[in-house]
Amino acid sequence: VLATLAHKIALDPTVVQANYFARACGVARFTWNWALAKWNEMYAVGEKPDAAKVRKLFNSIKAELFPWIYEIHKDANQRVFTDLHDAFRRFFEKTAAHPVFKRKWQRDSCYVSNDHFAINGDRVRLPIVGWVRMHEELRFDGKIMSATISREADRWFLSVTVQHLDMRSVTEAIGNGIIGVDLGISALATLSSGEVIEGPKPLKAALKQLQLAGRSLSRKVKGSSNWKKAVVVLQCIHARITHIRKDFIHKLTTRLCRENQTVVIEDLRMAFMLKNRHLSRAASDMGLSEFRRQMKYKTLLFGTELIIADQFFPSTRICSKCGALKDMLLSERTYRCDACGLVLSRDHNAAINLEQLGYPRPAGFSTCGQEGAGPPITGRRNHAWMKQEPAGHMENA
Ligand SMILES: [Zn+2]
């Protein structure tokens, strides 16, 4: 199996190197905005723009009009045209919004092609700036395709794309059970085995900091220098939260895929609607969609099967023991079955119901899901509650 993986690694640049990165991202942003304006212009007068045409125009005038571009390695601007072309292709395929102009600090990034950098242990040699220290070594073996330097709040990252030839080198399954996963916010996930997976502790601390920083910002005069400082503080906390959560989700998704043959999760839209009470919507969206994104490519890596329950599958309302249905208020944290007397935590009950979708028998829900005690995975399943989705694109940003 051939798969493309990306590993994002934090960098420790010197002040001079960080300055260069900022200017390189500036060139990439400038080129993008110039190319997008030109693209729109050509389109408006009926010409058919493409990457080659717009790049040619840019190259013909850059020496005269934008000489400062030569202070930065050419990778920062030459790749932009292809990226813009791809963005328009996705737009016309209706899988993305229309490309927009980039603003400073908004996802600053620039491209480095694979013949212009080299990795040696925990260091990377980049054009112009030379060796830069990385926080960890590259996780994957394989052919290095390209790299992107990007900024999040005040930190710099290198995202390296690697093409794998042999997936066994990164994936070794250690179990073959079926597991249901109920995604939450206060607890990140509840497994059908009964295990409750809490979010990491540093996350809770950071969320508290975020609240305080938000309050502090709201007391400052907008646009003042104190306000600007507070904005940077807020951005840094946001970036930290993102990383803590992402790292945690990586460990969880890897574990789920390694230990199981089949993982059943609920539909994300349902999870959104029911569970974003404790955190801001943006924060909860991020965690759940990141979980699902990682599950999609990791199940492919590990050869694990991913089943996504249909959005109307009433995982919280079914009794996992006898199959009876009852209405559950959002505030009810315990499932009490009127028919058979089952008393179980709401999330655990839902996780067992999800696990049941992984078994090759119709929805009878006549037995409780026992850890590792399921029948072999063959034959028919209750496809009515299973969502049909194309295989995910393997990417690990
Ligand atoms: Zn019951």
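None of the values given here were measured: they were computed from a predicted structure.

Conventions used here
- Residues numbered from 1 in each chain as written.
- Predicted model: local features only at pLDDT ≥ 70, side-chain atom pairs only at ≥ 80, totals over all residues.
- Heavy atoms only, no water.
- Helix = DSSP H or I, 4+ residues; strand = E, 2+ residues; numbered from the N terminus.
- Areas by Shrake-Rupley, 256 points an atom, 1.4 Å probe, with all protein chains shown as cover.
- Buried < 20%, exposed > 50% of the residue type's maximum accessible area, 1.4 Å probe, protein only.
- Contact = heavy atoms within 4.5 Å.
- Phe/Tyr/Trp six-rings, centres within 6.5 Å; stacked < 30°, edge-to-face > 60°.
- Lys NZ or Arg CZ within 6 Å of the ring centre and 35° of its normal.
- Polar contact = N/O pair within 3.5 Å; in protein donor to acceptor, adjacent residues only side chain to side chain.
- pLDDT = per-residue confidence, 0-100.
- Donors = N, O, S within 2.8 Å, 3.2 Å for Na, K, Ca; no water.
- Tetrahedral: all angles 85-135°; square planar, octahedral: opposite > 155°, others 65-115°.

**Q** Any chance you could explain the overall build of the protein here in plain terms?
**A** The secondary structure content of the protein amounts to 9 helices and 14 strands. Just so you have it, the protein exposes about 20800 Å², and 55% of that area is on carbon and sulfur atoms.

**Q** When you look at the environment of Ala239 in this model, what are you seeing that I'm missing?
**A** Take Ala239: it is sitting in helix H6 (residues 225-259). Residue classification places Ala239 among the buried residues on the basis of a relative accessible area of 13%. Between the C-alpha atoms of Ala239 and Ala153, which are 86 residues apart in sequence, the distance is 6.3 Å. Contact partners of Ala239, with chain neighbours within four places excluded, come to Glu152 and Ala153.

**Q** Would you explain the packing of aromatic side chains in this entry?
**A** The geometry of an aromatic ring pair comes down to the distance between the two centres and the angle between the two planes. Scanning the entire structure with this criterion turns up 11 aromatic pairs. Ring centres 6.4 Å apart and planes at 40° place the aromatic pair Tyr43 and Phe92 in the tilted group. With Tyr43 in helix H1 (residues 15-44) and Phe92 in helix H4 (residues 80-92), the pair connects residues that are 49 residues apart, well separated along the chain. Taking the relative accessible area as the measure of exposure, Tyr43 reaches 53% and is therefore exposed. An aromatic cluster of at least three residues, connected via ring pairs, comprises Phe30, Trp34, Phe58, Phe66, Trp68 and Phe81. Here Arg123 stacks its cationic end above the ring of Trp131, 4.3 Å away from the centre of that ring.

**Q** Hey, could you run me through unusual backbone geometry in this one?
**A** Excluding glycine, residues mostly carry a negative phi; peptide bonds, for their part, are mostly trans. Backbone geometry at Lys94 places phi at a positive 65°, although glycine is not the residue there. Locating Lys94 in the fold gives a position in the loop between H4 and strand S2 (109-113). Of note in this structure, Ala153 is not a glycine but carries a positive phi near 50°. Tracing the chain through its elements places Ala153 in the loop between strand S6 (143-152) and strand S7 (155-164).

**Q** When you look at the side chain of Arg151 in this model, what are you seeing that I'm missing?
**A** You can see Arg151 is positioned in strand S6. A polar contact is formed between the side chain of Arg151 and the side chain of Asp108, at a distance of 2.8 Å. Not counting residues up to four positions away in its chain, the partners in contact with Arg151 are Ala22, Trp105, Asp108 and Trp156.

**Q** In this structure, what is going on with the environment of Ile149? I would like to understand it.
**A** In this fold, Ile149 is placed in strand S6. Along the sequence, Ile149 and Ile9 sit 140 residues apart, while their C-alpha atoms lie 9.7 Å from each other.

**Q** How do you make sense of the confidence of the model for the protein when you look at a structure like this?
**A** Close inspection of predicted coordinates is inappropriate for parts of the model with low pLDDT. For the protein, mean pLDDT is 81; residues scoring 70 or higher make up 82% of the total. Between residues 276-283, whose pLDDT stays under 50, and residues either more than four places distant or in other chains, the model counts 11 contacts. Within the model, pLDDT remains below 50 along residues 362-380, and this stretch shows 45 contacts once partners closer than five positions in the same chain are excluded.

**Q** I'm lost on the coordination of the zinc ion in this one. Help?
**A** Six octahedral donors around a metal ideally make angles of 90 or 180 degrees; four tetrahedral donors ideally make 109.5 degrees. At the metal site, the zinc ion is ligated by Cys319 (SG), Cys322 (SG), Cys337 (SG) and Cys340 (SG), and these contacts range over 2.2 to 2.3 Å. Bound by 4 donor atoms, the zinc ion shows angles of 107 to 114° at the metal and therefore tetrahedral coordination geometry. As a motif over one chain, the donors of the zinc ion read C-x2-C-x14-C-x2-C.

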